[in-house]
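Each chain, written out:
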Number of protein chains: 4
Amino acid sequence: MNTSSHDRYRESTPGRADVPDSPELLAYYAELERLQTGALWTVANKIEPWQPKSASVPVLWRYRDLREHVLHSVSLVTPEKAGRRVIYLDNPGRRDVSAAVGWLYAGLQVMHPGERASAHAHAASALRFIMEGSGAYTIVDGHQLTLNARDFVITPNGTWHEHGVSDDGTPCIWQDGLDIPLVNALEANFYAVHPQLHQAVTHPVNDSPAAWGGAGLQPQHHGWTKPYSPLFKYEWAATYDALQRQARVSDGSPYDGVLMNYVNPLTGGPVMSTVGASMQLLRPGERTQAHRHTGSFLYQVAKGRGHSVIEGRRFDWEERDIFCVPSWAFHEHANASDSEDACLFCFHDLPTINALGLYREQAYAENGGYQPVLG
Amino acid sequence: MNTSSHDRYRESTPGRADVPDSPELLAYYAELERLQTGALWTVANKIEPWQPKSASVPVLWRYRDLREHVLHSVSLVTPEKAGRRVIYLDNPGRRDVSAAVGWLYAGLQVMHPGERASAHAHAASALRFIMEGSGAYTIVDGHQLTLNARDFVITPNGTWHEHGVSDDGTPCIWQDGLDIPLVNALEANFYAVHPQLHQAVTHPVNDSPAAWGGAGLQPQHHGWTKPYSPLFKYEWAATYDALQRQARVSDGSPYDGVLMNYVNPLTGGPVMSTVGASMQLLRPGERTQAHRHTGSFLYQVAKGRGHSVIEGRRFDWEERDIFCVPSWAFHEHANASDSEDACLFCFHDLPTINALGLYREQAYAENGGYQPVLG
Amino acid sequence: MNTSSHDRYRESTPGRADVPDSPELLAYYAELERLQTGALWTVANKIEPWQPKSASVPVLWRYRDLREHVLHSVSLVTPEKAGRRVIYLDNPGRRDVSAAVGWLYAGLQVMHPGERASAHAHAASALRFIMEGSGAYTIVDGHQLTLNARDFVITPNGTWHEHGVSDDGTPCIWQDGLDIPLVNALEANFYAVHPQLHQAVTHPVNDSPAAWGGAGLQPQHHGWTKPYSPLFKYEWAATYDALQRQARVSDGSPYDGVLMNYVNPLTGGPVMSTVGASMQLLRPGERTQAHRHTGSFLYQVAKGRGHSVIEGRRFDWEERDIFCVPSWAFHEHANASDSEDACLFCFHDLPTINALGLYREQAYAENGGYQPVLG
Amino acid sequence: MNTSSHDRYRESTPGRADVPDSPELLAYYAELERLQTGALWTVANKIEPWQPKSASVPVLWRYRDLREHVLHSVSLVTPEKAGRRVIYLDNPGRRDVSAAVGWLYAGLQVMHPGERASAHAHAASALRFIMEGSGAYTIVDGHQLTLNARDFVITPNGTWHEHGVSDDGTPCIWQDGLDIPLVNALEANFYAVHPQLHQAVTHPVNDSPAAWGGAGLQPQHHGWTKPYSPLFKYEWAATYDALQRQARVSDGSPYDGVLMNYVNPLTGGPVMSTVGASMQLLRPGERTQAHRHTGSFLYQVAKGRGHSVIEGRRFDWEERDIFCVPSWAFHEHANASDSEDACLFCFHDLPTINALGLYREQAYAENGGYQPVLG
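Calculation criteria
- Residues numbered from 1 in each chain as written.
- Chains lettered and ligands numbered in written order.
- Predicted model: local features only at pLDDT ≥ 70, side-chain atom pairs only at ≥ 80, totals over all residues.
- Heavy atoms only, no water.
- Contact = heavy atoms within 4.5 Å.
- Salt bridge = Lys/Arg side-chain N within 4 Å of Asp/Glu carboxyl O.
- Polar contact = N/O pair within 3.5 Å; in protein donor to acceptor, adjacent residues only side chain to side chain.
- Helix = DSSP H or I, 4+ residues; strand = E, 2+ residues; numbered from the N terminus.
- Nonpolar A, V, L, I, M, F, W, Y, C, P; charged D, E, K, R; others polar.
- Least-squares fit on C-alpha atoms with pLDDT ≥ 70 in both.
- Axes fitted to C-alpha atoms, helices over the stretch in contact; angles between N-to-C directions.
- Parallel < 35°, antiparallel > 145°, perpendicular 65-115°, else oblique.
- Left-handed = near helix turned anticlockwise from the far one by under 90°.
- Expected span 1.5 Å × (residues − 1).
- Buried < 20%, exposed > 50% of the residue type's maximum accessible area, 1.4 Å probe, protein only.
- Domains from an automatic or database assignment.
- Buried area = accessible area lost by both parts, 1.4 Å probe.
- Pairing = 2+ DSSP bridges.

In the annotation of an unreviewed UniProt entry, chain A is listed under the name Cupin domain-containing protein and assigned to Azohydromonas lata.

Laid out in structure tokens, this is it:
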């Protein structure tokens, strides 16, 4: 810590720290440092910014660039040696914590027919969004779920979970999403490998969506007391159907089009305590207005093509591309087709942000709500 | 109140009132009565029973008996003069409050194509279960819902609501269920006729199930703050499908078979604050064991045929028959078919009983869980 | 049921039932009755009133009238034979259910030094407000509470409880308040006598207020999961102090003066699921305006003298007098003193009314908010 | 990233990543990096630790060391230039985020009679614990609170707040505690200076504790809807009294003695959404056993003297000393006096940890529950 570091943060606005260095103060600062302390006014303006400035950088990861590398990993490592065979998204601003955006981790996992990863559990919350292939399955605390493209699955905090592809399947790729960086940052991550390396399947296959997949219907005496959704799998067909129905009766949001949150059917709250997810539909030709809010967001294009403008930069996307919107970054979306709808899957940390009372939102007020696109 | 009335309730058990009348006490009682008071020990055993003894009588109302009378009412009164053209179920033990069971009212309403009842609102909570006909609709606070057989619809406390049958429909009959007797008893009922007699339809037809009918999916920014379900209509096809799926993965309850509660998708709680509803499936040949619990229940046979044993009496039922189970009455159900499932719709006051902390349940312990049927 | 009974309820307002009797209809009604049914339009206007009309009558019970009779009961019956030695308040409109107002029971219980009533439990919720004497105590599920004048105590649904007066005490009188009539009406009352007739005291005396009597402070790892307050006793001194403090910083309500609700410190909700209580302070000379609302209320004058106007009738009261305000009855209160404050203890069924979504309130709009007092 | 960095995290345990570097893999990694991606197995064991290893270091800050420096700051900077005149605690493991422990900031603020800092608001949640002096006050959203030694005060997320010392006061020192690092990390911090630099006092002084300071009592119609406690100040006298009462009826916890959490009286939950606080009492001679749990904790000695053992290191403390316990660090406390009790104030992020479902706890199983103290 030196003179210039103090001066860097000075502001002359009333109510902000504006203390010039002096020999006496520098001596004082040195004395404080010796006592494991510091003078607040030397860092106050730094640690109390006027508004958030995310460390994350807007990035678009093109599936056509990633796919071959993901598939190539099959020949490079086994699930046994790798733990899981995953290529993770490494935001240039978050490399220190291996995050795709904010405190969220994401990766593309590939498994071949007959492969099966070992079971483990962790305090981090995990979800998956299936990208391609058939025959994939996940086992969560003894509940086996079969997975198809664009299905959304959760493996919550503390559950034993493992993945595989059946012998008669095809190579499968899905996106993993976790809050590992968040739980690490909170110094609350625990990891355990299943004692038998694999779980027994103790319930009928797909019993969770069978029991909880009726809208507005709840099994009697379910006894569910966990803090996450008893519905582990949200199938694409039903999700897309719900979006289309909603699109017929609602204008949706000017910023998001028609957006449905995946929720815990037992509480109406988010699927897990820390991480949420949604699927949104942009109607043919729809172009949303820009807004910004707190929270970190990772989108995957579930259907169609279009572009998003994030902090003034345009990102063109097509199916299975992934892109992030950092906290407090202005963003808007456009469907490139005049005849087909486009769908964006998203996972985010809004449950965390909301639980802590930290959500704020702001519309982009100028230019009719559209950001100028930077050269 | 006289000597015999006091003596009627005496019990010699320790901890119970057991005070014989005497001239001195009778004089004392007279003095107390003059002061608008009484001696607790003269009524204590009466007002503190060892367990509930319902005033309601188990009754089965056969649809084949009622149908012609319901249809006949069309020629007798108009909706305009009748308010609503309804034949209500009048439990012999509850005639003073016009209840079908406990504090629940039920009736069969009939409307012809082109008829339309005027809009009103009340503090009582209402629901409907469609029994026959096509073209029926309900409008709830400007949301129009089209109704088909075995659909379940709510018109909650305080909402403007009205019913009709479209010009191209057929004569329609449905069951109304309300907590009018309860809300009257609590001296909290209010009634209002819509100033224009009819509401404007202010939303797209069936927008409520379109928006809220996706399992585990919730429209963004819905803004719903009412204490009842935003999902007003629960369609039969989806309900029956959910029961069948659940039946494939669950044994259900020994007392109820496979039972799904209709719930508020926003909270997972009951559809309305006072009244709940469920649909249950009895598999081919299924015969449940007897139990009893607090709360009053009115069943309608949605599908199939069978019988129930209620407090030792057997009631045989078929589609559209209605029967009641009073509070703390032992009851068990049996599907008469070995090849077809049977479904029972039920509405009840469990939300009230649960909110007030008054739920108790007891299995029938003897005879393998089956009541002897009284001659 | 005859012609006149139908005609009695006819109303010519659109949206209300207005069907004149005819020979054909009378024959139809007879036929319906045979099938345990009725025509709704014959009772609709009766069972759907425009607004509540309470069956309860406003009554003032003067303590100076009741006290000698309460004390006299000591020589007439023992606690053993009486169960409990209580004179109950018998509202002229609610004699069929032995209620003081609405579905609320109240009585004055007297015990002499050394007396001890046996322990019992019931599904009804009970509370006590101590009126005079020293040495009284209650034991609730093994927690003993010593009681002084104007202390408020709860013995919730399902708890074992018993009362007594220590050998060195004086004759004690307290008011019991229960929802027995409500729980009976809901056919959910259960009663049990303690197997040993008396409980062991399993915790330090007054441990409940010791643990839970700190404002804004909660014992760590308390493990409380019951649906009622873990704070069983609310002492007068602290209550009166809180009212005085609040009176210094708040104008209070125009209808109630400064009113504090007794609450469950663990949830901020009512002390029990069905029954609540409050203490309110009327400043010297304060006269509140009239309003009405749903719910039934029984007041006891804890301090001072004054009067209340209830549905246009004036009731003058002094310390320990008890009076009731029925549902939807206009009421207003006045402190008769220009120098002393007056305090009203009240218990009521608002937790029930609120849980069921049935609360409505209306100010008295005319005459500056004051009711004309009837001759 | 180079070969050795990958190898550093390899583990041979089944279920963990154990992939040796190879030329082919290194080329592959380089390719991935170009696409803003990485191979999970190169970082998996690092980002999924078996259990938390806190970056924070256990530290004890002695008040006798800090006090003179804090007082000296008065002559070095004005509140106007400094914003706030605070010496903050700078954990050697958390210097990058200016935290005292975990994501919690703490500092010692000093103000002289007549001084007044300007009003501001931020998304971070703040609290204060008064250490010495008289005449201090805080204004929170127009509510002025007068402060004495060992009072605990909150200034929640989003509130306008400002501090000062009255002209007739003495130099005052208090500890500030905030979650600034956490809210910064979540990229959700906002800061605003009050447009007039100072607030109007719009309520009677100390109206918050007057209204909300009654145990088990709640002002009627309070209208409070904020997600934090309406009780802003928790006074020492009442807190210490509550601890003493609890100590008479409870053994407390083997790990914490008698501990009371400061709570929101409206909900029973923590005082603010992200940060909580407690006061605990160690009885004369009491020595607690060791345990560890997630969450970060900063203690201040409110009364007495003793020592704590944290991760095997002993820290001796006396009044006003401050020390931290990092996440998942074993800790135990001992009162050094055989005649006087000792009290520890603590603030922590448990509300955050609990809201996110991340709390875990473990007792120290060996050596009778006591850690060996390291050389």
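1. Points about the interface of chain B and chain A
Counting residues at the interface gives 34 residues for chain B, matched by 33 residues for chain A. At the boundary of chain B with chain A, the tally comes to 0 salt bridges. Our count for the contact surface shared by chain B and chain A stands at 14 residue pairs in polar contact (both at pLDDT 80 or more). Elements represented by at least two residues in the side of chain B that touches chain A include exactly α7 (207-212), β13 (217-219), α8 (236-249) and β15 (258-262) of chain B. With 6 residues, α8(B) is the single largest residue contributor to the side of chain B that touches chain A. For the side of chain B that touches chain A, the residue count by class is 20 nonpolar, 11 polar and 3 charged.

2. Notes on the arrangement of the chains
Regarding chain A and chain C, which are not in contact, the minimum distance between any of their C-alpha atoms is 14 Å. Structurally, chain B and chain D remain out of contact, their C-alpha atoms never closer than 14 Å.

3. Thoughts on the environment of Gln175(C)
Residue and element names in this part refer to chain C. Note that Gln-175 resides in strand β11 (residues 172-178). The spatial distance from the C-alpha of Gln-175 to the C-alpha of Val-86 is 9.0 Å, given a sequence separation of 89 residues. With residues up to four places along the chain from it excluded, the contact list for Gln-175 reads Ala-106, Gly-107, Leu-108, Leu-127, Arg-128, Phe-129, Met-131, Leu-298, Gln-300, Ile-322 and Phe-347. Side chain to side chain, Gln-175 and Gln-300 meet in a polar contact 2.7 Å long.

4. So, the relation of the copies chain A and chain D
Turning chain A through 180° and shifting it by 0.0 Å along the axis lays it on chain D, with an RMSD of 0.0 Å. On this basis, the relationship between the two copies can be described by a two-fold rotation axis. Proximity to the rotation axis, assessed at the C-alpha, singles out Ala355(A) in chain A; its C-alpha lies 3.2 Å from the axis. By residue overlap, the copies meet face to face through one surface: 100% of the interface positions of chain A are interface positions in chain D.

5. Some points on the packing of helix α2 (residues 23-34) of chain A against helix α4 (residues 63-76) of chain D
Close contact between α2(A) and α4(D) brings their axes to 12 Å; oriented N to C, the two are set at 165°. Taken together, the axes of α2(A) and α4(D) are roughly antiparallel relative to one another. Helix-helix and strand crossings are classified by hand; for α2(A) and α4(D) the assignment is left-handed. Residues Glu24(A), Leu25(A), Tyr28(A), Glu31(A) and Leu32(A) of α2(A) lie in contact with α4(D), whose contacting residues are His69(D), Val70(D), His72(D), Ser73(D) and Leu76(D). Per-class residue counts for the contact of α2(A) with α4(D) are 5 nonpolar, 3 polar and 2 charged.

6. Topic: helix α8 (residues 236-249) of chain C
An ideal rise of 1.5 Å per residue puts 20 Å on 14 residues; α8(C) measures up with 20 Å between its terminal C-alpha atoms. Burial in α8(C) covers these residues: Trp236(C), Thr239(C), Tyr240(C), Ala242(C), Leu243(C), Arg245(C), Gln246(C), Ala247(C) and Val249(C).

7. Observations concerning the domain arrangement of chain A
Domain boundaries in chain A define domain 1 (3-47) and domain 2 (60-369). Here the C-alpha centroids of domain 1 of chain A and domain 2 of chain A sit 44 Å apart.

8. Quick look at the interface of chain A and chain D
At the interface, 91 residues of chain A touch 91 residues of chain D. The junction of chain A with chain D conceals about 8,000 Å² of combined surface from both sides, 62% of it contributed by carbon and sulfur atoms. The interface formed by chain A and chain D holds 6 salt bridges in total. When the shortest N-O distance is used, the salt bridge between Lys81(A) and Asp18(D) registers 3.4 Å. Viewed at the interface, chain D and chain A are joined by 32 residue pairs in polar contact (both at pLDDT 80 or more). Considering every element that reaches the side of chain A that touches chain D, the biggest residue donor is helix α4 (residues 63-76) of chain A, with 7 residues. Taken together, the residues of the side of chain A that touches chain D break down into 49 nonpolar, 24 polar and 18 charged. Looking at chain direction, strand β1 (residues 37-39) of chain A and strand β3 (residues 86-89) of chain D are connected through 3 bridges and run antiparallel.

9. Observations concerning the relation of the copies chain B and chain A
Once turned by 180° and shifted 0.0 Å along the axis, chain B lies on chain A with an RMSD of 0.0 Å. When the interface residues of chain B are mapped onto chain A, 97% of them again lie at the interface, so the same face is used by both copies.

10. Regarding the pattern of salt bridges
Scanning the model with the defined rule gives 73 salt bridges over all chains in all. The residue Asp176(A) makes a salt bridge to Arg128(A) at a minimum N-O spacing of 2.3 Å. Highlighted residues: Asp176(A) in strand β11 (residues 172-178) and Arg128(A) in strand β6 (residues 126-132), separated in sequence by 48 residues. Each member of the pair, Asp176(A) together with Arg128(A), is buried. Its salt-bridge partner being Arg64(C), residue Glu318(C) comes within 3.3 Å of it at the nearest N-O pair. With Glu318(C) in the loop between β20 (313-317) and β21 (322-325) and Arg64(C) in helix α4 (residues 63-76), the pair connects residues that are 254 residues apart, well separated along the chain.

11. Quick word on the sheet that holds strand β14 (residues 233-234) of chain A
Sheet architecture is open: 7 strands sit in the order β14(A)-β9(A)-β6(A)-β11(A)-β4(A)-β3(A)-β1(D), paired in antiparallel fashion. A single partner strand is all that each edge strand has here, and the edge strands are β14 of chain A together with β1 (37-39) of chain D. Here 4 bridges tie β6(A) to strand β9 (residues 152-155) of chain A, and the two strands are oriented antiparallel to one another. If you follow Leu127(A) over to β9(A), its bridge partner there is Ile154(A). Contacts from α4(A) reach β3 (86-89), β4 (105-111), β6 and β11 of chain A together with β1 of chain D, with the element oriented near 55° to β4(A).

12. Considerations on the environment of Arg292(C)
Residue and element names in this part refer to chain C. Mapped onto the secondary structure, Arg-292 falls in strand β17 (residues 291-293). When sequence neighbours within four positions are dropped, the list of residues in contact with Arg-292 reads Gln-51, Trp-328, Ala-329, Phe-330, His-331, Arg-360, Glu-361 and Gln-362. In this structure the side chain of Arg-292 is engaged in a polar contact, spanning 2.6 Å, whose partner is the side chain of Gln-362.

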